[in-house]
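So you can see what is in the structure, the chains are spelled out below.
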Amino acid sequence: MSAAIEVHGLTKTYGDLTAVDDITFSVGQGEFFGILGPNGAGKTTTLEMIEGLRQPDAGRVRLLGENPWPRNASLLPRIGVQLQASSFFERLTAREQIRTFAALYGVPAVRADAWLGRVGLEDKAGTRTEKLSGGQKQRLAIASALVHDPEVVFLDEPTAALDPQARRNLWDLLGTLNESGRTVVLTTHYMDEAEALCDRVAIVDHGRLLELDTPSALVRGLDADVRIYVDAALLDVDEAAAIPQVSAAERDGDSTVVRTKAPSVVLAALAERQVLEGLQVKAATLEDVFLTRTGREYRA
Amino acid sequence: MTAFWSLSVATFKGFFRDKQSVFFAIVFPLMFLVLFGGVLDFETSRLELVEVGDVALVEELPPPAQDAFEEAFEVTSTDDLDEALTQVAEGDVDAAIEMRGDTFVAHYSQADQVKAAMTQGTLRAFVDAANVAASGEPPRFAFRAERVEDESLDAIQFVTPGLLGWAIAMSAAFGAAATLQGWRESKLLRRLRLSPASTGQIVAARIGVAVIIALVQMAIFVGLATVAFGMQLTGYWWMAVPLIVAGTLSFMALGLLAGALAKSAEGAVNLANFFVLPMAFLSGSFFPLDGAPEWLRTISLAMPLRHLNDAMSDVMVRGLGPSATVLTFVILLGFAVVVTAVAARLFRWDAD
Ligand SMILES: Nc1ncnc2c1ncn2[C@@H]1O[C@H](COP(=O)(O)OP(=O)(O)O)[C@@H](O)[C@H]1O
Ligand SMILES: [Mg+2]
């Protein structure tokens, strides 16, 4: 399968600031690709260079085998973009918005209306976009990006500014977007979101690509400890440290935190001592990957 | 639906659903039309006289002349000459009249020369009429005054084109400024750039909507002025339609410039206002420029609205034909091209 997107040495500077610094990666067709990083990491700038909205200062972009810059009219019907939740015409209803976007691509109104249903907005079809909730606006923006059934779709932080519940709800929709072989590129500053949705994740910080792999490989590659939280009243730090294969033990609030690379051995030992009441096991996450690579706590 | 058509419909709906835009484009200028054309016209059409003591001349006028006198003048009475003179000096009335023996004396002020001449001329006519009546002879010659402009001295004839021009300038400039800045802030501009719709289609749709709004303004203004205030259109009034199209392009260009310069949608509209309001004053939209100093009138020639106002008056109320407007088209379209080019140079995709 050939690559849907190839990016080589992509660089963009604004004055002294290198917003995107020599980034190289490729995205396969049908892949759900995530670009993860804190605010200001350069995610949007990277996306906009791939979409053909900005000219790279250095490097090369191939989108569906073509150069997107300058405005490449033959590419435009093949890609879909959601730039930000408010990119709508003023004072139109949800149905009018998506029909207008559909018309720009020569797509008939019935197909636009069907997309409203797919994203669960048929009840809101007659509501003006200004009156929609944040989650509903995002659904409409995503539907508007997909209305012409593009081969590649770009979603820039579609869950930003949503409450946790709305964010989870949106994940269900996002997870279906590459079902039909569509390539999806999503940026996010939520670690859990990248882990839940993406086939592969590029972690960026200060414009640089730190890591690129599947979420599980990234975590595995860390060789990080699993943390087991035990009620401190049942097991103190010294007892915990004495268990074989435990690499470290520490107190964290009401819990004793046991770190190990052999969780099954340690869990068996804990079971023997009958201290499993309220026990929690936490595997390493992308947050640990970020911490290890940058030495900083991940803060979105 | 084509991209052009759907963009036009979307923009059109967006405008007419915005109560504030509709108010400023249509209702607000109409209030001025009613004020200038309807209310003020009423009060200024009669000359005001103050009669000091008994003025025998007026009482001795033959009955038809007396009616005419009452129609021409609004008369108040006083016995105090000094008070009457103060009123004249302060411009509260146009003249004070009194009898000194057989001499009819009219006191007037030269402050408003046109009014002074009108007052003098009209009073002299009544004195002549009174003399003829006193001689007991039937008058040999009859006199009837007929205005050259055929009632066109009515204020409505002159305020309508100017106020219409102002209304069109306002909505075209504000609309273009707000659209450019609003679409930039919401990234809709970039979103559209990533759709297959061409820049030409997008721009044409926006211009089309602005032109339709301007023609709606014209229909409402001219409709109200003719039906409610008795405005009379002259033969080539329809030439106002292409003039308005050309004017809309000029004012949109100004709006684009404001939108390109400003940092926020609100700032864009304020800046457009900063362009349009002084232009409207200098272009004679609110009051005629006849009394303005020469240098101000020269400056006003740089304003597209000045040319649009003049040309609209020419074809709508002065009875001139299309050939009088040729230069106006050249100026309006030239202004649109130059200012759009400047705006394009200043254009940025991003709000920040
Ligand atoms: N048009 C611009 N002019 C100057 N600096 C910019 C511009 N766009 C982005 N930046 C800067 O580039 C960096 C990366 O921005 P961005 O790509 O928007 O990050 P992200 O999307 O990851 O939050 C930030 O420091 C931002 O301030
Ligand atoms: Mg961003």
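All of these numbers come straight from a predicted model, not from anything done at the bench. (Residues numbered from 1 in each chain as written. Chains lettered and ligands numbered in written order. Predicted model: local features only at pLDDT ≥ 70, side-chain atom pairs only at ≥ 80, totals over all residues. Heavy atoms only, no water.)

**Student:** Help me understand the nonpolar core, please; the structure alone is not making it clear to me.
**Tutor:** In globular proteins that are soluble, nonpolar side chains generally tend to be buried together. If you look at the biggest cluster of nonpolar residues, it comprises 62 residues, and the most contacted ones within it are A:Phe89, A:Leu174 and A:Ile203. Ranked by the residues each element gives to this core, the list is headed by helix α4 (residues 134-146) of chain A, at six residues. In this view, A:Phe89 contacts A:Gln97, A:Thr100, A:Phe101, A:Thr129, B:Leu7, B:Ala10, B:Trp183, B:Leu188 and B:Leu192; residues no more than four positions away in its chain are not counted. (Core = buried A, V, L, I, M, F, W, Y, C linked by side-chain atoms within 4.5 Å. Buried < 20%, exposed > 50% of the residue type's maximum accessible area, 1.4 Å probe, protein only. Helix = DSSP H or I, 4+ residues; strand = E, 2+ residues; numbered from the N terminus. Contact = heavy atoms within 4.5 Å.)

**Student:** Looking at this structure, I do not really get the packing of aromatic side chains. What am I missing?
**Tutor:** The description of two aromatic rings rests on the distance between their centres and on the angle between their planes. Under the counting rule described, the total for this entry stands at 22 aromatic pairs over all chains. Taking 4.9 Å as the distance between ring centres and 70 degrees as the angle between the ring planes, the aromatic pair formed by B:Trp166 and B:Phe286 counts as edge-to-face. In this pair, B:Trp166 is assigned in helix α7 (residues 155-185) and B:Phe286 in the loop between α11 (265-282) and α12 (294-300), connecting sequence segments 120 residues apart. One exposure class covers both B:Trp166 and B:Phe286, and it is buried. Each residue in the set B:Phe23, B:Phe24, B:Phe28, B:Phe32, B:Phe36, B:Trp166, B:Phe281, B:Phe286 and B:Phe287 is aromatic and connected to the rest through ring pairs, giving one cluster. The aromatic ring of A:Tyr190 is capped on one face by A:Arg167, whose charged end is 3.6 Å from the ring centroid. The ring of A:Tyr229 is capped by A:Lys282, whose NZ or CZ atom sits 4.7 Å from the centre of that ring. (Phe/Tyr/Trp six-rings, centres within 6.5 Å; stacked < 30°, edge-to-face > 60°. Lys NZ or Arg CZ within 6 Å of the ring centre and 35° of its normal.)

**Student:** In this structure, what is going on with the pairing of strand β1 (residues 3-14) of chain A? I would like to understand it.
**Tutor:** Regular strands place their side chains on alternate faces of the sheet. All names here are of chain A. For β1 and strand β2 (residues 17-28), the ladder comprises eight bridges, and the chain directions are antiparallel. Among the inter-strand pairings, Val-7 is bridged to a residue of β2, identified as Phe-25. Between the end of β1 and the start of β2, which pair antiparallel, lie two residues, with Gly-15 showing a positive phi angle near 60 degrees. Both β1 and strand β4 (residues 58-63) contribute to a ladder of five bridges, which runs antiparallel. Note on β4: the bridge partner recorded for Thr-11 is Ala-58. (Pairing = 2+ DSSP bridges.)

**Student:** Just checking my understanding: could you explain the sheet that holds strand β11 (residues 246-252) of chain A for this structure?
**Tutor:** Adjacent strands of a sheet form backbone hydrogen bonds with each other and so pair up, either parallel or antiparallel. Residues and elements named next belong to chain A. Ordered by their spatial adjacency, four strands build an open sheet running β11-β12-β10-β13, and the pairing between neighbours is antiparallel. Each having just a single partner strand, β11 and β13 (280-282) make up the two edges of the open sheet. Taken pair by pair, the neighbouring strands of this sheet meet at an average axis angle of 20 degrees, ignoring direction. As paired strands, strand β10 (residues 226-231) and β13 are joined by three bridges and run antiparallel to one another. Note on β13: the bridge partner recorded for Arg-227 is Lys-282. (Axes fitted to C-alpha atoms, helices over the stretch in contact; angles between N-to-C directions.)

**Student:** Quick question: what am I supposed to make of the interface of chain A and chain B here?
**Tutor:** Many analyses report the size of an interface as the accessible area lost when the parts associate. Contact with chain A, which involves 30 residues of that partner, is made by 26 residues of chain B. Regarding the contact of chain A and chain B, the summed buried area is about 2700 Å², with carbon and sulfur atoms giving 55% of it. Scanning the region where chain A abuts chain B turns up four salt bridges. Salt-bridge contacts for A:Glu96 lead to B:Arg17; the nearest nitrogen and oxygen are separated by 2.8 Å. At the boundary of chain A and chain B, one finds 16 residue pairs in polar contact (both at pLDDT 80 or more). A class-by-class count of the residues in the side of chain A that touches chain B yields 14 nonpolar, eight polar and eight charged. (Buried area = accessible area lost by both parts, 1.4 Å probe. Salt bridge = Lys/Arg side-chain N within 4 Å of Asp/Glu carboxyl O. Polar contact = N/O pair within 3.5 Å; in protein donor to acceptor, adjacent residues only side chain to side chain. Nonpolar A, V, L, I, M, F, W, Y, C, P; charged D, E, K, R; others polar.)

**Student:** I'm lost on α11(B) in this one. Help?
**Tutor:** A turn of α-helix holds 3.6 residues, and therefore any two residues three or four places apart point the same way. All names here are of chain B. The end-to-end C-alpha distance of α11 is 26 Å, a good match for the 26 Å that 18 residues give at a rise of 1.5 Å each. Here the buried face of α11 lies against α7, α10 (240-261), α12 and α13 (304-316). Positive backbone phi, approximately 75 degrees, marks Gly-284, located one or two places after α11. (Expected span 1.5 Å × (residues − 1).)

**Student:** I keep staring at α10(B) and nothing clicks. Help me out?
**Tutor:** End to end, α10(B) covers 31 Å across 22 residues, agreeing with the expected 32 Å (1.5 Å per residue, within 8%). Across the 22 residues that make up α10(B), a large majority, 16, are buried.

**Student:** What is the right way to look at the environment of A:Arg118 in this model?
**Tutor:** Residues and elements named next belong to chain A. Mapped onto the elements, Arg-118 comes out in helix α3 (residues 109-118). Of the residues examined, Arg-118 reaches a relative accessible area of 43% and is grouped as partly exposed. Separated by 154 residues in sequence, Arg-118 and Glu-272 place their C-alpha atoms 52 Å apart. The residues touching Arg-118, leaving out its near neighbours within four places in the chain, are Leu-173 and Thr-176.

**Student:** Even after reading the chapter, I still don't get a negative patch on the surface, so can you show me in this structure?
**Tutor:** Taken together, the side chains of B:Asp54, B:Glu59, B:Glu60, B:Asp79, B:Asp80, B:Asp82, B:Glu83 and B:Asp102 present a region of like negative charge at the surface. Turning to its location among the elements, B:Asp79 is positioned in the loop between β2 (73-78) and α5 (81-89). (Patch = residues over 30% accessible without salt bridge, like charges linked within 9 Å, V, L, I, M, F, W, Y side chains within 5 Å. Areas by Shrake-Rupley, 256 points an atom, 1.4 Å probe, with all protein chains shown as cover. Lys, Arg positive; Asp, Glu negative; His and termini not counted. Charge placed at Lys NZ, Arg CZ, Asp CG, Glu CD.)

**Student:** Looking at this structure, I do not really get the site of ligand 1. What am I missing?
**Tutor:** Around ligand 1, twelve residues are found, and the nearest of them are A:Gly40, A:Gly42, A:Lys43, A:Thr44 and A:Thr45. One finds residues of chains A and B in close proximity to ligand 1. Within the backbone of A:Ala41, a nitrogen or oxygen atom sits 3.2 Å from an oxygen atom of ligand 1. Between ligand 1 and A:Thr44, the relevant distance is 2.6 Å, taken from an oxygen atom to a side-chain nitrogen or oxygen of the residue. Of all the secondary structure elements, the ones that give two or more residues to the shell around ligand 1 are β2 and α1 (43-51) of chain A. Classifying every residue of the shell around ligand 1 gives five nonpolar, five polar and two charged. (Near = heavy atom within 4 Å.)

**Student:** Teacher, can you tell me more about the confidence of the model for chain B here?
**Tutor:** Low pLDDT marks stretches whose predicted atomic positions should not be read closely. All names here are of chain B. Summary statistics for chain B give a mean pLDDT of 87 and a share of 92% for residues scoring 70 or more. Across chain B, α10 holds the top mean pLDDT of 96, while helix α4 (residues 63-72) sits lowest at 77. Contacts from residues 147-153, a stretch scored under 50 in pLDDT, to residues over four places away or in other chains number five contacts. Interface confidence for the predicted complex, given as ipTM, is 0.85, next to a pTM of 0.79. (pLDDT = per-residue confidence, 0-100.)

**Student:** I'm lost on the pattern of salt bridges in this one. Help?
**Tutor:** Two side chains of opposite charge can pair, provided their charged atoms sit close to one another. Under the definition given, this model contains 23 salt bridges over all chains. Ionic pairing is found between A:Arg99 and A:Asp113, a salt bridge with its closest N-O pair at 2.6 Å. Within this pair, whereas A:Arg99 is found in helix α2 (residues 94-104), its partner A:Asp113 is found in helix α3, the two being separated by 14 residues in sequence. For A:Arg99, a relative accessible area of 32% puts it in the partly exposed group. Note on A:Asp113: relative accessible area 26%, which makes it partly exposed. Residues B:Glu294 and B:Arg297 are paired through a salt bridge, measuring 3.4 Å at the closest nitrogen-oxygen approach. Linking B:Glu294 with B:Arg297, this pair stays in helix α12, spanning three residues, or about one helical turn. Exposure remark for B:Arg297: the relative accessible area of 29% places this residue in the partly exposed category.

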